[in-house]
Amino acid sequence: MLATVILAGIAVPVSAAPTLDEQIAELNTQVAEHATEVLALEQKLLHPPNTRLAVFLTLQNRNALNLDSVELFVNDQPVAAHYYTDRERASLEQGGVQQLFIGNLENGEHELRTVITARSADEDFVRREASHLFRKRPGVLRLQMSLDARAPDYEPRVAFREWE
């Protein structure tokens, strides 16, 4: 037996009308699609590829430093600060790469400065500052900041290089 509902003078079989759950599922799908579109537009507006700067961290000698924190400044403005957990340290020591910063920067001359705190392999607590002058050109600029410390002094060294 098929039941019918009369809506505004039109008879609609109940089995053909979408259920509330189906309507909610359809709305959720539409909201997810719109959220994806909004995120893409937001990324294009907030991080246009022509002005993007990204800074990544790597460890060269994986057993020489027990990294505690990293602070990053662009043109003396703080842009990133990170305190490391044991899990994050282990990831870096296994060859992981950490994205420290992604943002926008106008073309021209700039300075990147970092402050590193760590415990060296000979158990000394170290704090090191390093800076890097660079020229931002149109397009994405990716900088690798690599940390190294070698025996016998285990003094941290910071090197910067541009990634293609």
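Asker: Where do I start with the pattern of salt bridges in this structure?
Answerer: Pairs may arise between side chains of opposite charge once their charged atoms sit close together. Per the counting criterion, the structure on display carries seven salt bridges. Of the charged contacts in the structure, one is a salt bridge between Asp-86 and Arg-89, with a shortest N-O distance of 2.5 Å. Residue Asp-86 and its partner Arg-89 are both found in helix α2 (residues 86-93); the two are separated by three residues, about one turn of the helix. Relative accessible area serves as the criterion here: at 62%, Asp-86 is assigned to the exposed category. A salt bridge links Glu-109 to Arg-135, with the nearest nitrogen and oxygen atoms 3.0 Å apart. With a gap of 26 residues between them, Glu-109 in strand β7 (residues 108-120) and Arg-135 in strand β8 (residues 125-136) connect regions that are remote in the sequence. A relative accessible area of 42% means that Arg-135 is categorised as partly exposed. Among the charged side chains, a network of salt bridges with common partners joins Asp-76, Arg-113, Arg-127 and Glu-129.

Asker: Even after reading the chapter, I still don't get the side chain of Thr-117, so can you show me in this structure?
Answerer: When you line up the elements, Thr-117 lands in strand β7. In terms of polar contacts, Thr-117 uses its side chain to reach the side chain of Ser-69, at 2.4 Å. The contact partners of Thr-117, leaving out residues within four places of it in the chain, are Leu-67, Asp-68, Ser-69, Phe-125, Val-126 and Arg-127.

Asker: Could you clarify how one ought to interpret the sheet that holds β8 in this entry?
Answerer: Sheet strands line up and pair through hydrogen bonds in the backbone, either parallel or antiparallel. In spatial order, the strands read β5-β4-β7-β8; together these four strands make up an open sheet with antiparallel pairing. Looking at the sheet topology across the chains shown, the edges are occupied by β5 (77-83) and β8. Averaged over neighbouring strand pairs, the angle between their axes works out to 20° when direction is ignored. Examined bridge by bridge, strand β4 (residues 65-74) and β7 share nine bridges and lie antiparallel to one another. Along β7, the bridge assignment pairs Leu-65 with Ser-120. Sitting on the sheet, α2 touches β4 and β5, and the angle it makes with β4 is about 90°.

Calculation rules
- Residues numbered from 1 in each chain as written.
- Predicted model: local features only at pLDDT ≥ 70, side-chain atom pairs only at ≥ 80, totals over all residues.
- Heavy atoms only, no water.
- Salt bridge = Lys/Arg side-chain N within 4 Å of Asp/Glu carboxyl O.
- Helix = DSSP H or I, 4+ residues; strand = E, 2+ residues; numbered from the N terminus.
- Buried < 20%, exposed > 50% of the residue type's maximum accessible area, 1.4 Å probe, protein only.
- Polar contact = N/O pair within 3.5 Å; in protein donor to acceptor, adjacent residues only side chain to side chain.
- Contact = heavy atoms within 4.5 Å.
- Pairing = 2+ DSSP bridges.
- Axes fitted to C-alpha atoms, helices over the stretch in contact; angles between N-to-C directions.

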